[in-house]
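Read off the chains here:
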Amino acid sequence: MIAGRCGLLMVALAAASGAANAQDVPSAEAQARILDLLQQQSLYRDRVDWPKARAELAAARDPAQTRRVLDDVIQRSSGGHGRWTSANELSAQSKRAPATQAAMGAAPTQTDDASGGPTARLGWIKVGPYVDDMTQPEDVQYQARKQAAIALQARIREQDDGNRCGWVVDLRGNSGGNMWPMLLGLGPLLGDAKGSDPVGMSLRADKQQPWAYREGAVWLDGKGMVGSRNTQYALRHPGAPVAVLFGPRTASSGEASALAFRGRAASRSFGQPTAGYSTGNATPRLPDGSLLVLTSNVMADRNGVGDGTPLQPDVTVGAGQDAAAAAREWLLAQPACKMP
């Protein structure tokens, strides 16, 4: 692994904080560290009166009040995306991690890649959330990300039989997690990025940090995040059109995956606006073993367009209507799919 945990652009599950026990609070040393990190690095730190926040934390009379102060500061300085995760919560989340990692390469439940009819010409890739097991050593986490990306590319390779004239990427249930195995797995579909051209980027106050897919790896500002000799698959028809499905359950790194297709030639998105957590997080460990999810940047597409708000689809499909049907109709009308 080239990047360490604190340097890794982690995009957290937008709804993963759960119902935390109000009595579960960081140690005094961790509380001080949380405020220091947020004041120095959080994306929306100007929304917090820091002397007032420190005074309120010092005056807190019980653990419940301490949590209320900390949660309020974290929420305001992160735009609702950050959180504090106790060591107990990390342990509970670790039990969910294997299921999300295994699902990355699972076959879709839909029959849109059926063997007969017009949809037999379309590939279908469904990408759900990916949760790191933060209780594991970093090298173990890295290997799990790599295996998930390999499995996702294998799904693409299995369907790419020479007859696929277009692809559907379904992100409607992707609520977030770690974006890098998602981008690496989807790499063959990202299309027209060549060499060091970005497929997206992180926007900080002082610079842009491009995301790239090349040489079987994904890169952040020239730093390798995850890669393998087994993630270098190339489509038989590299410029095939791609329809991207997303909606209100698409959040965080699900939104990052959607952004990676925005601006790609022959791509179009269908569905409803996303959850609006298109910002990137770091995950520094705290002295008591807990974790701070710290929102530090805005995610953008390959052209540098992004503002941290909900992503709008190219084609809005109302609730209860079939976004997949609209995507299939568009794909089958493309020149690549009109050819015999």
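Since we're looking at a predicted model, the values are computed, not measured. (Residues numbered from 1 in each chain as written. Predicted model: local features only at pLDDT ≥ 70, side-chain atom pairs only at ≥ 80, totals over all residues. Heavy atoms only, no water.)

## Examining the pattern of salt bridges
Part 1 of the reasoning: Counted under the stated rule, the structure contains 11 salt bridges.
Part 2 of the reasoning: One salt bridge in this structure joins D161 and R164, with 3.8 Å as the shortest N-O distance.
Part 3 of the reasoning: You can call D161 partly exposed: its relative accessible area is 36%.
Part 4 of the reasoning: Several salt bridges share partner residues, and in doing so they unite D132, E138 and R145 into one network. (Salt bridge = Lys/Arg side-chain N within 4 Å of Asp/Glu carboxyl O. Buried < 20%, exposed > 50% of the residue type's maximum accessible area, 1.4 Å probe, protein only.)

## Some points on the pairing of strand β8 (residues 242-246)
Part 1 of the reasoning: In terms of burial, β8 is largely enclosed, as 5 of its 5 residues are buried.
Part 2 of the reasoning: The side-chain alternation of β8 yields two buried faces, one formed by V242, V244 and F246 and the other by A243 and L245.
Part 3 of the reasoning: For strand β3 (residues 166-170) and β8, the ladder comprises 4 bridges, and the chain directions are parallel. Bridge pairing in β8 links V168 to A243.
Part 4 of the reasoning: As judged from the 5 bridges shared by β8 and strand β9 (residues 267-271), these two strands associate in the parallel manner. Across the sheet, V244 pairs through a bridge with S269, a residue of β9.
Part 5 of the reasoning: Running through helix α8 (residues 253-261), the crossover from β8 to the neighbouring parallel element β9 is right-handed. (Helix = DSSP H or I, 4+ residues; strand = E, 2+ residues; numbered from the N terminus. Pairing = 2+ DSSP bridges. Right-handed = clockwise from strand over helix to strand, strands pointing away.)

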